[in-house]
Structures are given as C-alpha cells and as structure tokens.
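Reading the structure
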Amino acid sequence: FRRVLFRSAVGDNSTDCTTAIQAAIDTGLPVYLPAGVYKITAPLVSSTAGMVLIGETYDAMSEKNNEENSFSGSVINYFGSDTDYPIDIANTNATNQIALKNITVVAAKTHQVGIVRIKGDVYSSEYGAQVTVSDVRIQTRDFVSANGIDGYTATGLVLDCGAGWFFGSTFTNLYIFGVQRGIFVSATGGFFNSNTFTNIKQYQVWRALHLYTSSSS
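Residues numbered from 1 in each chain as written. Predicted model: local features only at pLDDT ≥ 70, side-chain atom pairs only at ≥ 80, totals over all residues. Heavy atoms only, no water.

**A word on the packing of aromatic side chains**
Scanning the entire structure with this criterion turns up five aromatic pairs. Ring geometry for Phe166 and Phe192: centres 5.6 Å apart, planes at 55 degrees, overall tilted. In this pair, Phe166 sits in strand S13 (residues 165-167) while Phe192 sits in strand S15 (residues 191-193), placing the two residues 26 residues apart along the sequence. Residue Phe192 is classed as partly exposed on the basis of its relative accessible area, which comes to 23%. Between Phe171 and Phe197, the ring centres sit 4.6 Å apart and the planes meet at 10 degrees, which makes this aromatic pair stacked. In this pair, Phe171 is assigned in strand S14 (residues 170-186) and Phe197 in strand S16 (residues 196-212), connecting sequence segments 26 residues apart. Overall, Phe171 belongs to the buried group, its relative accessible area being 0%. The residue whose ring lies beneath Arg181 is Phe184, and the NZ or CZ to ring-centre distance is 4.3 Å. (Phe/Tyr/Trp six-rings, centres within 6.5 Å; stacked < 30°, edge-to-face > 60°. Helix = DSSP H or I, 4+ residues; strand = E, 2+ residues; numbered from the N terminus. Buried < 20%, exposed > 50% of the residue type's maximum accessible area, 1.4 Å probe, protein only. Lys NZ or Arg CZ within 6 Å of the ring centre and 35° of its normal.)

Listed below in structure tokens is the structure:
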C-alpha cells in the first residue's frame, strides 16, 4: 500500500491534503488512509488506472457518527466546488481494479452533483467494470441542522456505465444520508448487470435509487 502519510497528508481536518492524496493515487498503487479527517479542496480523480482507497477499519453503519465532531475512522471532508465529484473514478481498462473500503466521504448538503462517482467506461465480451465498495459512508456535512430534506441537492453514489458496463460488482455495508438521491445508476449508453447490493442503509434521503436509461428516468 501507498500510505498517504508518506506524502504529507495530515488527518487533522485543517491541512489541505488534496495534493498529497492525489499524488499517492497517481502512483497506481493501492492507497491506505490511516484514521483521521482529511480535508480536500479539489476532487480526487483517477481517469485511467482505477483506484483502490482503503481506510482504517471501523463501523461504517453506526449512526453515532452523524455529526462532524464525532467522525471516526478515515474521513475525506470535501470543501471544493459543488459542481465536481469529490471522488471521481473512471475505468478505461477492464483489468484495472476499483475498490473503496472503510472510507467516509463528506460534502455540503447543497452539493450539486454526486459525492462519489464511478464510471465504467469499459466494454468487451469478457469484462465490465468490476467494483468493490464495502464499509463506506457517504454523507452531507450539515444535514443535522436541516429541516427534513429541504435544501438537499446532493447525490450520494453515482454509477455511470458510460459506453461500457458494470458486471459482477459488489456493494456491501453502504450507509448514505443527508442527500437528495442515494444511489443514481446511469445506463444510457451501457449495461448494468449481475451486480450485488447488500446491507445498504439510507437516512434522510428523498430517493433511495434512481435508475436512468435511454428510455426512462
């Protein structure tokens, strides 16, 4: 694993860790985030090589972490543009690995797009984008003081088939809250087949699952 601490990332919720974490991702190696709150001000992007981001083991499904001052585990706290995806993963090679484990990702409740986007721009007769997401929390930062879902514009997890497909992916122990849409699947140009969702918990979410195809929304 490439530990982000070796690249000057400090999980104190104050130091801007964008450059350090992105540099670790750019190595193409799995990236390990020790426990802490990592402030970022621009998206963490992987455009060709996939991304493996693994944090400290903790209970991702616990409701006691709803407020910012009670975060635990490995947290990515996003303060960038609300028109970017804080974690934006594209996969243009079917042999690349995409995995998120033991990670919390946080953005403002007024975030305009998805908080985590995984794009499966792969199509072949044998492979699709094979994704593993487990023990992950996706949430807005200021939902606790909001009235119901008023003012929420964010989407939690975006799965975009692009021109390819998702096949055999697994999503386990996923907790999403304080967003307008929990999971948004876009299959307008590709396919979404044989993927497994287990133990998905959503709270203060207007629409749990939104499936968008070329013929319906």
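**Structural notes on the pattern of salt bridges**
For the coordinates displayed, the defined rule picks out two salt bridges. Between Arg117 and Asp88 there is a salt bridge; the shortest N-O distance is 2.8 Å. A residue pair is termed long-range when its members are at least 10 positions apart, and Arg117 in strand S10 (residues 114-119) and Asp88 in strand S8 (residues 87-90) qualify at 29 residues. The buried category is assigned to Arg117, whose relative accessible area is 18%. Relative accessible area serves as the criterion here: at 16%, Asp88 is assigned to the buried category. One salt bridge connects Lys101 with Asp135, and the closest N-O pair in it is separated by 3.4 Å. (Salt bridge = Lys/Arg side-chain N within 4 Å of Asp/Glu carboxyl O.)

**Some thoughts on helix H1 (residues 18-26)**
Within the span of H1, buried status applies to Thr18, Ala20, Ile21, Gln22, Ala24 and Ile25. Where H1 terminates, the next one or two residues include Gly28, which has phi positive at roughly 85 degrees.

**Digging into the side chain of Asn102**
Within the secondary structure layout, Asn102 lies in strand S9 (residues 98-107). At 3.5 Å, the side chain of Asn102 forms a polar contact with the side chain of Thr57. Among residues more than four places away in sequence, those in contact with Asn102 are Gly55, Glu56, Thr57, Tyr58, Ser74, Ser134, Asp135 and Val136. (Polar contact = N/O pair within 3.5 Å; in protein donor to acceptor, adjacent residues only side chain to side chain. Contact = heavy atoms within 4.5 Å.)

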